[in-house]
Amino acid sequence: MSRGGETKVVGHSERKVDALALASGQPLFTDDVDVPGLLHAKVLWSPHAHARIVRIDASKARALPGVACVLTHEDVPRILKTTAGQGWPEPSPYDTPMLPDKVRYVGDRVAAVAAETREIAEQAVRLIEVEYEVLPALFDLRAADAPGAPVIHDEPDAKAIIPVPYWPERNVAAHVDMRIGDIDAAFDASDVVVDREVETQYGQHCPIEPHVTICRIDEYGRLHIRTSTQVPFHVRRIVAQACEVPVRRIRVVKPRIGGGFGAKQEVLEDLVAMLCLRTGRPVKLEYTRSEEFVSSRTRHPAVSRVKVGFGRDGTMKALYLRARTNTGAYGSHALTVVCNCGAKTLPLYHCENVGFDGDSVYTNLPVAGAYRGYGGTQAAFALEVAMDEAARALGKDPVDLRRALHIREGEGSPVFRALGEGQEGVEQKIGSCGLARCLDLGAEAIGWKDRESRRGSGRFRRGFGMCALMQGSSIPEIDMGSASMKMNDDGSFNLLVGATDLGTGSDTILAQIAAEAVGTTLDRMIVYSSDTDLTPFDVGAYASSTTYLSGEAVRKTALLVRGQVVEVAARMMRVEPADVDLPGDGTARAGGKSVTFEDVARHALYARDQFQIGAIGSAISHASPPPFSAHFAEVEVDTATGKVRVVKYVAAVDCGTAINPKLAEGQIEGAVANGIGYAMTEEMVFNDRGLCLNASFRHYRIPGTLDMPEMVTILVPTYEPTGPYGAKSVSEICINGPLPVLSNAIFDAVGVRLARAPFTAERVWRALSGKGFGT
C-alpha cells in the first residue's frame, strides 16, 4: 500500500474463514437442512410467449391426494412490484405481479402447487387446466418500439415509481440520454471517424446451485425465509410488499450460496412465501436446471453502436454511444443496466464532446436482470472494438492510443456529472489509476512488441488483441452498508455484517479489515453474515460494493471498538490512552507494560466499570472509484474450420489495495473465464415461438478447466483514498474484457471482424468464406 503504511492482516493472502467447512462438505447451503413436515412446491409455467389467461381450473389439482395448496392469479392479491433487488425506491418499473392473468414469455408463472412430495406436486401441475387467448408476440429488440408492434405491458397500473422515462405503450421500459459539447460539429471536424455496431446475446449465469428457498412459520408466528440470495434485506422488503405482511413478521437468512453472479439479486421468493403463509407449513421451492435457465434471470442482450471521431494526431474529438438492451418480458434492472452501458465506459477516455442514448425495451423473451458486468460488458465490446479500428485507421499502436487518451488520477469527466456518478454538486475525480502500468505490464506479459514474428502463414493463423477497461465501486449516495462488532471474554470478536458472501470470500475480506483495524489476528474474528434479524442492514452483494462500501462500514466499526479497547487498556495499565499501542497481535502495550485482549475483555465484562466493548457503524459512498484493467490475448484461428483457440490471456488489474491478493486473483480469473465463455460459446437459442431450445448444460456450453487458455493475472497496486485501506472493487471488471479482446485478436489473425457474439467456429468460418479463405 503506497499511502496506507504497513499492515499485518490486510494485503495478505489469508486462508478463507470458511475454507475448511467448504472443503469438508459441511451442511452450509440452503437445502442442507432436514425440515419436518416439508411441502414441495412446483410451478406451472406458460407454454406461450404472449397470451391472456381466459380460464383456469385447478379443481382436479386441488382434489389430488397429497396436495396442500394451489395458487393461481385468482387466489393472490394483484400487487405490481419489481423483482429487482435494489434499494428503495427502486429504479426498475413496478410491472410484475406474483401470478399474472396475462403471460408474457415461455416460462412465465401461471400457477403454483405445494404438495407432500415433489412427484405429487409435479402431477398436480399437470392437472391444472388453462385456456389461453394467444396474442401476437415480439422477439426482436430492434423492432420493439416500431409502429404496430404488440404492446407487452398494456395494463394501466404498471408504472415507474421514480420520475424517469417509462413508456410501456411503446415497449420502452427505460430511457436515458446525455449530450456534452457539440457532437455533430466535432464529428464534422474529425479526420478519422469509426462507426461500429455490435450485438450481444442472451446468456445465463449458470450458478451451480439453482434458486432454492425454504419458508416456514416459526414458533412466534413469523415467516422465516431461508434462501439462496444476494440481497436478504431486499427480499424481506419485497416479500412483505407482495404478500401484504409487515416487515417485522419476516426474517430472511442467507446460508452459503452456490454461485450467484447477479441472478440471485432477483427477488423470486414471494411465491413460496405465499404458499407457506396459506398452508402454515414449511415449503421448499427449488428450480430445476431448465427452470433456472428460463425462469430465473439472464443477461440483457444488446445492440450497441459506438461512433468515435479523431484528429490526425490521435486526439479524440467526439464519442457517441447508442445502447439498446432487451429487458425481456418484465423491466427488472432495465434502467440501471442501460445507464451503466454509458457510465462504465464513456469516462474512460478524454473527450469534450460526448453523446449517449440508451433504451431498454420489452420483448416476449425471458426476463433479463443483473449479471456481472451489468451493462459494462455490452458497451465495452462496442467501444474497445471501435478503439482498435481507430488505431488501425490512424496508423497507431492500439496500446499507445489508449495510453495517450485514458483518464488519469486527479482528473474528472463530464460524464460522471451527466450520469449521476458521485456526490451532488461535487465533481467526481479519479483518486487512483494504475491503467498506464496495467497497459505496460500486460503488453510485456503477452509479448506485444514481438507479436509480428509469431503470426503464422498457413492454415493456422495467430493474432493478438487488447483492450482497456473501467468499472465502478458501489452506487454513490444511494447504497449503504453497516456492521456490528463485539468483544468476547477471550479477546475474540463477533463481527456481524449484512453483506452477502456468495462465494467471493467477502466474509474473509471483511474479517481481515476488522482484524487490521482493531489490532488483532484473523483467527480471533468470528464472522456471521446476512440474517435480517441479527445482522445490521446492508444492501447486499451487487454493484461491486462489498469490499469498498461494506468494508468501509466494517473499518469504521472496528475503529470504534479499537478506541474502547484502548480506553480500557489504558485504565488497566494506568497510562493515558494516547500512549497505548496496539501492535496487531491481540495485545495492548504502553511504557513497558502490556495486557492481552483477553485481559481487556475480562476487565470490561467482570472487573470494574463494566460494559460491553462493541459498536455498530455504517458507511455510504460519495464516489464510485473505478478499478482499471488492461487485457491482452493471443488466439489461433483454424482457417479451414473457423475454430478459434485462445492460446494465452493476460489480465492486468488495478483494484487499489488487494485486501487478500489470492482471493482478488480468483475473482479476476473467474471473471475472465466467465467472459471467455460468453464471448466464444454461450448463447441461449430460441425457436420462432420463443421457446429456449438449449436450457441445459448438455446443450448450453460453458467452458471447463480444459477449455481455459494459459492465464496470467497481474495485480497493479494503487491506493484509493476513499476505500478501506486503499481498496476498490475487483469482482466485475474482468468479465468485460474477452468480448473486445478476442474480437480484436481474431481480426488481427485473419482480417475478419466478429461483431456478433458468440464467436463460434461456424460464425468465424462464414466470415472467412466471405474473405476467400478455404476456396
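This structure is a prediction, so every number in the text was calculated from the model and none was measured. (Residues numbered from 1 in each chain as written. Predicted model: local features only at pLDDT ≥ 70, side-chain atom pairs only at ≥ 80, totals over all residues. Heavy atoms only, no water.)

## Digging into the packing of helix α14 (residues 546-573) against helix α15 (residues 597-607)
As a packed pair, α14 and α15 sit with axes 10 Å apart at the nearest point and diverge in direction by 90 degrees. Relative to α15, the element α14 lies roughly perpendicular. Contact residues: Val 565, Val 568, Ala 569 and Met 572 in α14; Phe 597, Asp 599, Val 600, His 603 and Ala 604 in α15. Of the residues that constitute the contact of α14 with α15, the class distribution is 7 nonpolar, 1 polar and 1 charged. (Axes fitted to C-alpha atoms, helices over the stretch in contact; angles between N-to-C directions. Helix = DSSP H or I, 4+ residues; strand = E, 2+ residues; numbered from the N terminus. Parallel < 35°, antiparallel > 145°, perpendicular 65-115°, else oblique. Contact = heavy atoms within 4.5 Å. Nonpolar A, V, L, I, M, F, W, Y, C, P; charged D, E, K, R; others polar.)

## Remarks on helix α16 (residues 661-680)
In this model α16 runs 28 Å from its N-terminal to its C-terminal C-alpha over 20 residues, within 8% of the 28 Å that 1.5 Å per residue would give. Where burial is concerned, most of α16 is hidden: 15 out of the 20 residues are buried. (Expected span 1.5 Å × (residues − 1). Buried < 20%, exposed > 50% of the residue type's maximum accessible area, 1.4 Å probe, protein only.)

## Describing the pairing of strand β11 (residues 250-253)
Taken together, the 4 bridges between strand β10 (residues 223-227) and β11 define a ladder with parallel strand orientation. When the sheet's bridge partners are listed, His 224 is paired in β11 with Arg 251. What joins β10 to β11 is helix α5 (residues 232-243), and the crossover it makes is right-handed. (Pairing = 2+ DSSP bridges. Right-handed = clockwise from strand over helix to strand, strands pointing away.)

## Points about the sheet that holds strand β17 (residues 480-487)
Sheet architecture is open: 4 strands sit in the order β19-β18-β17-β22, paired in mixed fashion. Strands at the two margins of the open sheet, each flanked by one partner only, are β19 (525-529) and β22 (614-620). Going from strand to strand, the sheet's axes swing by 20 degrees on average, the running direction of each strand aside. Two elements, strand β18 (residues 493-497) and β19, share 5 bridges in a ladder whose sense is parallel.

## As for the domain arrangement of the protein chain
Much of the literature gives interface size as the accessible area that the parts lose upon coming together. Assigned domains of the protein chain: these are domain 1 (19-27 + 480-620), domain 2 (35-135 + 209-295) and domain 3 (302-418 + 431-473 + 625-768). One C-alpha centre belongs to domain 2, the other to domain 3; they are set 36 Å apart. Between domain 2 and domain 3, the contact holds 28 residues from the first and 30 residues from the second. Summed over both sides, the interface of domain 2 with domain 3 buries roughly 2,000 Å², with 60% coming from carbon and sulfur. On the domain 2 side of the interface with domain 3, the three residues burying the most area are Tyr 105, Phe 261 and Phe 293, jointly 29% of the side's total. For the pair domain 2 and domain 3, the number of links is 0 salt bridges. On the surface where domain 2 and domain 3 come into contact, there are 12 residue pairs in polar contact (both at pLDDT 80 or more). (Domains from an automatic or database assignment. Buried area = accessible area lost by both parts, 1.4 Å probe. Salt bridge = Lys/Arg side-chain N within 4 Å of Asp/Glu carboxyl O. Polar contact = N/O pair within 3.5 Å; in protein donor to acceptor, adjacent residues only side chain to side chain.)

## Digging into the pattern of salt bridges
Any two side chains of opposite charge can pair, on the condition that their charged atoms come close. For the structure on display, the rule yields 56 salt bridges. In this structure, the salt-bridge partner of Asp 270 is Arg 109, at a minimum N-O distance of 3.1 Å. Of this pair, Asp 270 sits in helix α6 (residues 270-279) while Arg 109 sits in strand β5 (residues 109-115); the two residues are 161 residues apart in sequence, bridging distant segments of the chain. Arg 109 carries the same exposure label as Asp 270, and that label is buried. Measuring nitrogen to oxygen at the nearest pair gives 2.6 Å for the salt bridge that ties Asp 531 to Arg 251. Residue Asp 531 is found in the loop between β19 and α14, and its partner Arg 251 is found in strand β11; the two are separated by 280 residues along the sequence.

## Topic: a nonpolar patch on the surface
There is a patch of nonpolar side chains on the surface, built from Val 685, Leu 691 and Leu 693 and spanning about 240 Å² of accessible area. Topologically, Val 685 is positioned in the loop between α16 and β25 (710-715). (Patch = residues over 30% accessible without salt bridge, like charges linked within 9 Å, V, L, I, M, F, W, Y side chains within 5 Å. Areas by Shrake-Rupley, 256 points an atom, 1.4 Å probe, with all protein chains shown as cover.)

## Side note on the nonpolar core
Counting residues in each nonpolar core, the largest one holds 99 residues, and the members touching the most others are Phe 310, Met 316, Phe 356, Leu 435, Phe 632 and Phe 759. Sorting elements by how many residues they give to this core places helix α9 (residues 376-394) first, with 11 residues. (Core = buried A, V, L, I, M, F, W, Y, C linked by side-chain atoms within 4.5 Å.)

## Digging into the environment of Ser 474
Among the secondary structure elements, Ser 474 is positioned in the loop between β16 (460-470) and β17. Exposure remark for Ser 474: the relative accessible area of 4% places this residue in the buried category. As a C-alpha pair, Ser 474 and His 622 span 148 residues in sequence and 9.4 Å in three-dimensional space. If sequence neighbours within four positions are ignored, Ser 474 has contacts with Ala 543, Ser 544, Ser 545, Tyr 548, Leu 549, Ser 621, Ala 623 and Ser 624. Only 2.7 Å separates the side chain of Ser 474 from the side chain of Ser 621, close enough to count as a polar contact.

## Observations concerning a positive patch on the surface
A contiguous patch of positive charge on the surface is contributed by Arg 571, Arg 574, Lys 593 and Arg 608. Take Arg 608: it is sitting in the loop between α15 and β22. Overall, Arg 608 belongs to the exposed group, its relative accessible area being 58%. (Lys, Arg positive; Asp, Glu negative; His and termini not counted. Charge placed at Lys NZ, Arg CZ, Asp CG, Glu CD.)

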